[in-house]
Amino acid sequence: MKYMFSVFFVAAVLNNFVLTNFLGICPFLGVSRRKGPALAMSGAVLFVMVIASIFTWLIYHYLLQKYDLEFLMIPSFILVIGSLVQLIEIFMRRFAPRMYDVFGIYLPLITTNCAILGVTLININRAFNFHTALVYSLGAGAGFGLAMIIMAGIREHLEYVDLPRPLQDIPIALLVAGLLSMAFQGFAGTVALLK
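Everything quoted here is computed from the prediction, not taken from an experiment.

## Points about the packing of helix α1 (residues 2–14) against helix α7 (residues 130–158)
Alright, step 1. Following both chains from N to C, one finds α1 and α7 inclined at 35 degrees, their axes separated by 7 Å at the closest point. As for the relative orientation of α1 and α7, their crossing is right-handed in sense. Side by side, α1 and α7 meet where Tyr-3, Met-4, Val-7, Phe-8, Ala-11 and Ala-12 of the first sit next to His-131, Thr-132, Val-135, Tyr-136, Leu-138, Gly-139, Ala-140, Ala-142 and Gly-143 of the second.
Alright, step 2. Taken together, the residues of the contact of α1 with α7 sort by class into 11 nonpolar, 4 polar and no charged.

Given below as structure tokens:
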């Protein structure tokens, strides 16, 4: 149990895909203006990360590895991720059209979100068993959500600050992201990193 908590903590905080590995920056900057859309995007990314990790782990171990087709790993993983995002997009268009409009182009960009592909590849490259891969994916998704919610909260408060024009919008978001990244680096060494 302690090992699984360490795996979760490492994925969520120490190796945060947004703030320490700089993966998934596009939706991070694009959807983190308000807490509502940031929370919804976090949920969508968490869902895709976990489900994609389950399917890709099974595909790799029971199909690609079994039949010596490891060279098809990346294309098959991208196909799984793209299919999951399409399902989310169809669901949101049907049952949450307002949220679908808020996400705009950022929802299909989950397909090309390198954080999701990164999680699936790390699960294979580090030879995680199924349970460890699942916990690592949950931690990575939670870490992505944590970064999104923190950033959205800060950006909402920055709307009430009289910033110089060159710092408004993306420049201040990048500065805040850099400061958050430095803060997350302060957790380094609290848990032995997974090999």
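## Notes on the pattern of salt bridges
Alright, step 1. As enumerated under the stated definition, the model contains 5 salt bridges in all.
Alright, step 2. Here Glu-89 makes a salt bridge to Arg-93, at a shortest N to O gap of 3.4 Å. Here Glu-89 pairs with Arg-93, and both are found in helix α4 (residues 73–95), just 4 residues apart, close to one helical turn.
Alright, step 3. Through salt bridges that share partners, Arg-33, Arg-155 and Asp-169 make up one connected network.

## Focus on the packing of helix α6 (residues 114–125) against α7
Alright, step 1. Running from amino to carboxyl end, α6 crosses α7 at an angle of 150 degrees, the nearest separation of the two axes being 10 Å. In terms of axis orientation, α6 runs roughly antiparallel to α7. Remark: the crossing between α6 and α7 carries right-handed chirality. Counting all contacts with α6, which are made through Val-119, Ile-122 and Asn-123, the residues of α7 involved are Ala-133, Tyr-136, Ser-137 and Ala-140.
Alright, step 2. For the contact of α6 with α7, the class distribution of residues is 5 nonpolar, 2 polar and no charged.

Definitions and cut-offs
Residues numbered from 1 in each chain as written. Predicted model: local features only at pLDDT ≥ 70, side-chain atom pairs only at ≥ 80, totals over all residues. Heavy atoms only, no water. Axes fitted to C-alpha atoms, helices over the stretch in contact; angles between N-to-C directions. Helix = DSSP H or I, 4+ residues; strand = E, 2+ residues; numbered from the N terminus. Left-handed = near helix turned anticlockwise from the far one by under 90°. Contact = heavy atoms within 4.5 Å. Nonpolar A, V, L, I, M, F, W, Y, C, P; charged D, E, K, R; others polar. Salt bridge = Lys/Arg side-chain N within 4 Å of Asp/Glu carboxyl O. Parallel < 35°, antiparallel > 145°, perpendicular 65-115°, else oblique.

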